[in-house]
Amino acid sequence: MELAELAAHEIHCLLKKKEVSVVEVVDAVLTRIDEVDDNIGAFITVNGEGAQREALRIDQEISRGREILPLTGIPVAIKDLICIKGMKTTCASRILNNFYSPYDATVIEKLREAGTIFIGKTNMDEFAMGSSTENSCFGITRNPLNPDTVPGGSSGGSAAAVAAGEAIIALGSDTGGSIRQPAAFCGVVGLVPTYGLVSRFGLVAFASSLDQIGPITRDVRDCALLMNLICGYDPRDSTSAATNIPDYTDSLLNDVREVKIGIPKQYFGEEVDEEVAEAMREAMALFKRHGAKIENVSLPNTEYAIATYYLIATAEASSNLARYDGVGYGQREKSDNILEMYEKTREAGFGDEVKRRIMLGTYVLSAGYYETYYLKAQQARALIRDDFEKAFQKFDCLLAPVSPTTAFKVGEKTDDPLKMYLSDIFTIPVNLAGLPAISIPCGFNSLGSAIGLQLIAKPFNEEMLLRVAYTFEENTKMSR
Ligand code: GLN
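Residues numbered from 1 in each chain as written. Predicted model: local features only at pLDDT ≥ 70, side-chain atom pairs only at ≥ 80, totals over all residues. Heavy atoms only, no water.

A. Here's a closer look at the UniProt feature "domain: Amidase" (unreviewed entry) in the protein. As recorded in UniProt, the sites labelled "domain: Amidase" (unreviewed entry) are residues 24-466. Along residues 24-466 one finds 38% helix and 14% strand; the C-alpha atoms at either end are 31 Å apart. (UniProt positions renumbered as here; feature names shortened; annotations may be inferred. Helix = DSSP H or I, 4+ residues; strand = E, 2+ residues; numbered from the N terminus.)

B. The arrangement of the sheet that holds strand β6 (residues 212-217) in detail. Pairing in this open sheet of 11 strands is mixed, and the strands run β1-β3-β2-β4-β6-β5-β10-β11-β9-β7-β8 from one edge to the other. Two strands lie at the open edges of the sheet, namely β1 (43-46) and β8 (293-297), each paired on one side alone. The average angle at which neighbouring strand axes cross in this sheet is 30 degrees, direction not considered. Looking at chain direction, strand β7 (residues 260-264) and strand β9 (residues 397-401) are connected through two bridges and run parallel. Its bridge partner being in β9, Ile-261 is matched across the sheet by Cys-397. Each of β5 (189-192), β7, β9, β10 (437-444) and β11 (450-457) touches helix α15 (residues 462-476); the most contacted strand, β10, lies at about 10 degrees to it. (Pairing = 2+ DSSP bridges. Axes fitted to C-alpha atoms, helices over the stretch in contact; angles between N-to-C directions. Contact = heavy atoms within 4.5 Å.)

C. Quick peek at the site of the ligand. Near the ligand, the surroundings consist of 15 residues, among which Gly-176, Ser-178, Tyr-309, Arg-357 and Asp-424 are the closest. Take Ser-154: an N or O atom from its side chain is 3.5 Å from a nitrogen atom of the ligand. When the ligand sits alone it has 300 Å² of accessible area, and the protein chains cover 100% of it. (Near = heavy atom within 4 Å. Polar contact = N/O pair within 3.5 Å; in protein donor to acceptor, adjacent residues only side chain to side chain. Areas by Shrake-Rupley, 256 points an atom, 1.4 Å probe, with all protein chains shown as cover.)

D. Examining the packing of aromatic side chains more closely. Per the counting criterion, the structure on display carries 16 aromatic pairs. Centroid distance Tyr-324 to Tyr-329: 5.9 Å. Interplanar angle 45 degrees. Geometry classified as tilted. Exposure remark for Tyr-329: the relative accessible area of 32% places this residue in the partly exposed category. One Lys or Arg, Lys-413, reaches over the ring of Phe-408 and ends 4.4 Å from the middle of that ring. (Phe/Tyr/Trp six-rings, centres within 6.5 Å; stacked < 30°, edge-to-face > 60°. Buried < 20%, exposed > 50% of the residue type's maximum accessible area, 1.4 Å probe, protein only. Lys NZ or Arg CZ within 6 Å of the ring centre and 35° of its normal.)

E. Main features of the side chain of Ser-318. Within the element layout of this structure, Ser-318 appears in helix α9 (residues 305-320). Of note is the side chain of Ser-318, whose polar atom sits 2.9 Å from the backbone oxygen of Ala-315. Among all residues touching Ser-318, those that are not within four sequence positions of it are Ile-358, Gly-361, Thr-362 and Leu-365.

F. Spotlight on the packing of α9 against helix α12 (residues 370-394). Where α9 meets α12, the axes come as close as 9 Å, and the angle between the chain directions of the two elements is 125 degrees. Regarding the angle of α9 to α12, the classification is oblique. Considering only the axes of α9 and α12, their crossing is left-handed. Contacts from Ala-305, Thr-308, Leu-311, Ile-312 and Ala-315 in α9 reach Tyr-373, Tyr-374, Ala-377, Gln-378, Ala-380, Arg-381 and Ile-384 in α12. For the contact of α9 with α12, the per-class residue count stands at nine nonpolar, two polar and one charged. (Parallel < 35°, antiparallel > 145°, perpendicular 65-115°, else oblique. Left-handed = near helix turned anticlockwise from the far one by under 90°. Nonpolar A, V, L, I, M, F, W, Y, C, P; charged D, E, K, R; others polar.)

In structure tokens:
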């Protein structure tokens, strides 16, 4: 296998044995980007020279005795809504097209300290609003498994980069499914951590009560290694949880004996493709053979999840995006009247989907409608959270599809926002409840599109996710 296609832990072994240098690893990935990115479109910014310079520096330090940590020298792609000092952070929006971040996000500081190499910033749906990476002012990203299909979204660039060998590992963000769904569509691993486990300092906010940063990797071991780096308390994020961070690689056990897995019946309705449902049934059979206990469970308020999400997420987005007024940062349209300047800037700077969300969110929060919509949504959110809490009194984790379908065709859903929203039906409830969930590759349909299996656990039980996911991977060799 080529260097650019190896997992981080495999490259780590080669670096340790001095069979390759960091410069060689970075060159392999940059060469791959040169070869394929014109077709895939995974990157908004490629940090070619910066990455080569950094690789050389790390090789020199290694030769002087620098310790090679598990992710030292590993090329990482970063979704373009996480700030890296001195680099552009655009959120795939015209309004931030000229914004250079003056500081590092906390996750970036941590990766930098460990010696990972920032290979570039990845394409995404504008401000993370979308499920296909078609809402970007820089053009679309294509799915490396089948370029006629979307890579999923909104972290489609990160997932596509990892799937295509244009990065070894990546970071994405997940507000309603944006790590798990693209990971599923591109046949890679994606994990959304418990709300509060990973600092969002330096993450551009979309819907603050839902947003989380998480890993996108080629296999479960790399996912655990990246989690080891990015988790942990940060006083600069007021929602950051003060909790002990385990060594997640300790959870990589090929063992699900006595693990109780719940199958939520609402996640297996008729909207699910038969081939996706069949892949889920095969996964259940595998877990059963390995000693897990599988039983059905009901999450009765699931049907309210999409409506609830599109009230809460748009309300928060309308407030978070109020800062893009042409004054603080980003693009400014000229006018001698300040109100007109705001209007023109926002009119020219935001794309259609972002405008739709801002209008919806402003409406939801406006006097007279607040109680009817926003408060009602908060109540529904509590019910959805209670459903999960009850389920986790009995189960260690839940198993469901990531998405009812596999990757859809480019352009198939762009004219129908509601159809697009519905593709997140099985990922959104997890964010509303603040739970951790992982998406792992679980086979292909007859057209060769990847199918993703989702595992959901109780808050701060990422270890259970990794253990069950690792068991699946070890016994199927589905990843990569
Ligand atoms: N697709 C969902 C949306 O458009 C979720 C996006 C996300 O998780 N950032 O809101």
